[in-house]
Amino acid sequence: MSYPILTIVVPCYNEEEVLPETITVLIEELNELIEKTVVSEDSRILFVDDGSKDRTWSIVYKNSLENRNVHGLKLARNVGHQNALLAGLITACKTSDCVISIDADLQDDVCVIRDFVKKFKEGFDIVYGVRKKRDTDKLFKKATAIGFYKIMQKLGVNLIYNHADFRLMSKRAIQELEKFEEVNLFLRGIVPLIGFSSTSVHYDRKERFAGDTKYPLKKMLSFAFEGITSFSITPIRFVMLVGILSFITSLLFGTYFITLKFLGETQTGWTSLITSIWLIGGLQLIAIGLIGEYIGKVYKESKRRPRYSIDINTLNLTQQLIERNLETNGGDHRELL
Ligand code: UDP
Ligand code: MG
């Protein structure tokens, strides 16, 4: 497989301002890769229109008629960046050896694409594009992003630091990704779960070429919340912990209040009231936490994530070798065993 078929998947939502430039830049890059026989001439760019309300689709469609390497996939409605990306990956994987995902706004460096393919040829199934610095980001975005990675790490979610959705995936990696049937999609968290050999390529992220970000603060927060709640049941455990702490405190306070009573310094009825408030509060939180544990289990089960992915299976390999040997050696395959 010296000339792999590459598909570049680009999710687009209301990107009419950047799209003509993006198409030009990507075609130029792809043509160069084809010319230098880095990738097969059947390689292409697939634009996924995520239910845009502007001229995005007509631009994509027009270009797909003019250029055989440009294709379009129009989704029936806006389903969000992650779902649009998944639609593109799954569609592209059927006819490609490897797929690269990149945003429509040219923030990611297209020159890195050749490094991605190089790593793929070296045998890596997943290549992550990692930004070197965050100079082009506003202070607020930088701070929230760093905070997000820190929190995710604390909650035990395995993320590649400073990697957005600019990455290469091999055909078989995407086929494994398809087995994750969860509806709440957070690709950055799922891709490292697939396993297979992976590596990173570093690049400088630029400013948005034109148009506005499609991730305003509200969407960004809900994206982060989605990420946390899709991957971690630590917040549920936290409720249980608070319950246990408050129960222990209630025991300590209870002893203290009862001592006070016997020393004769309290109002009638106060001791029993205050002790039971603390005790019941603590017990309730423990109970909620316990129910939460079961909900957490149901939540994990309901995701129906694959329990393993097979990298190499020598059972098949031996079979293939035996068959080949049968053909060439007339059946003598003892040397193989
Ligand atoms: N996008 C999408 N559907 C959406 C929102 C965004 O397909 O509902 C696409 C968008 O067109 C872009 C990519 O997702 O190609 C990333 O969006 P953006 O560049 O606005 O995010 P930022 O880089 O600001 O985080
Ligand atoms: Mg962007």
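The shown structure was predicted, so the numbers you read here are calculated from the model rather than taken from an experiment.

**Q** Just checking my understanding: could you explain the nonpolar core for this structure?
**A** Across soluble globular proteins, nonpolar side chains show a tendency to be buried alongside one another. Ranked by size, the top nonpolar core spans 36 residues in total, and within it V9, M152, L159, M169, L177 and F186 carry the most contacts. Of all the secondary structure elements, the ones that give two or more residues to this core are β2 (44–49), α3 (81–93), β5 (126–131), α5 (139–154), α6 (171–177), α7 (187–194) and α8 (217–231). Ranked by the residues each element gives to this core, the list is headed by α3, at six residues. Here V9 is in contact with L46, V48, L85, G88, L89, A92, V99, I100, S101 and I102, once residues within four sequence places are set aside.

**Q** For this particular structure, what's the right way to read the coordination of the magnesium ion (ligand 2)?
**A** For a metal bound by four donors in a tetrahedral arrangement, the ideal donor-metal-donor angle is 109.5 degrees, while six donors in an octahedral arrangement ideally sit at 90 or 180 degrees. Here the magnesium ion (ligand 2) is held by D105 (OD) and Q107 (OE1), and the distances to it run 1.8 to 1.9 Å. For the residue pair D105 and Q107, the accessibility class agrees, reading buried in each case.

**Q** What is the right way to read the site of ligand 1 from this model?
**A** Neighbouring ligand 1 are 19 residues; E15, D50, D105, T213 and K214 lie closest to it. The backbone of H81 places a nitrogen or oxygen atom 3.4 Å from a nitrogen atom of ligand 1. Q107 places a side-chain nitrogen or oxygen 2.8 Å from an oxygen atom of ligand 1. When the free accessible area of ligand 1 is taken as 540 Å², the share hidden by the protein chains comes to 94%. Among the residues making up the shell around ligand 1, the classes are represented as five nonpolar, five polar and nine charged.

**Q** Please clarify how the environment of K300 should be interpreted in this entry.
**A** Mapping K300 onto the fold places it in helix α10 (residues 270–303). A relative accessible area of 53% means that K300 is categorised as exposed. For the pair formed by K300 and F231, sequence separation is 69 residues and the distance between their alpha carbons is 9.0 Å.

**Q** Is there a simple way to think about the packing of aromatic side chains in this case?
**A** Aromatic ring pairs: the centre-centre distance and the angle between the two ring planes describe each pair. With the rule as written, the count across this model stands at 11 aromatic pairs. Plain terms: the ring middles of F148 and F186 are 6.3 Å apart, the flat faces sit at 80 degrees to each other, and that makes the pair edge-to-face. In this pair, F148 is assigned in helix α5 and F186 in the loop between α6 and α7, connecting sequence segments 38 residues apart. Just as F148 is buried, F186 falls in that class too. Here the aromatic residues F148, Y149, Y161, F186, F223 and F231 are joined through ring pairs into a cluster of three or more. Just above the ring of F196 sits the side chain of R172; from NZ or CZ to the centre is 4.0 Å.

Basis of the calculations
Residues numbered from 1 in each chain as written. Chains lettered and ligands numbered in written order. Predicted model: local features only at pLDDT ≥ 70, side-chain atom pairs only at ≥ 80, totals over all residues. Heavy atoms only, no water. Core = buried A, V, L, I, M, F, W, Y, C linked by side-chain atoms within 4.5 Å. Buried < 20%, exposed > 50% of the residue type's maximum accessible area, 1.4 Å probe, protein only. Helix = DSSP H or I, 4+ residues; strand = E, 2+ residues; numbered from the N terminus. Contact = heavy atoms within 4.5 Å. Donors = N, O, S within 2.8 Å, 3.2 Å for Na, K, Ca; no water. Near = heavy atom within 4 Å. Polar contact = N/O pair within 3.5 Å; in protein donor to acceptor, adjacent residues only side chain to side chain. Areas by Shrake-Rupley, 256 points an atom, 1.4 Å probe, with all protein chains shown as cover. Nonpolar A, V, L, I, M, F, W, Y, C, P; charged D, E, K, R; others polar. Phe/Tyr/Trp six-rings, centres within 6.5 Å; stacked < 30°, edge-to-face > 60°. Lys NZ or Arg CZ within 6 Å of the ring centre and 35° of its normal.

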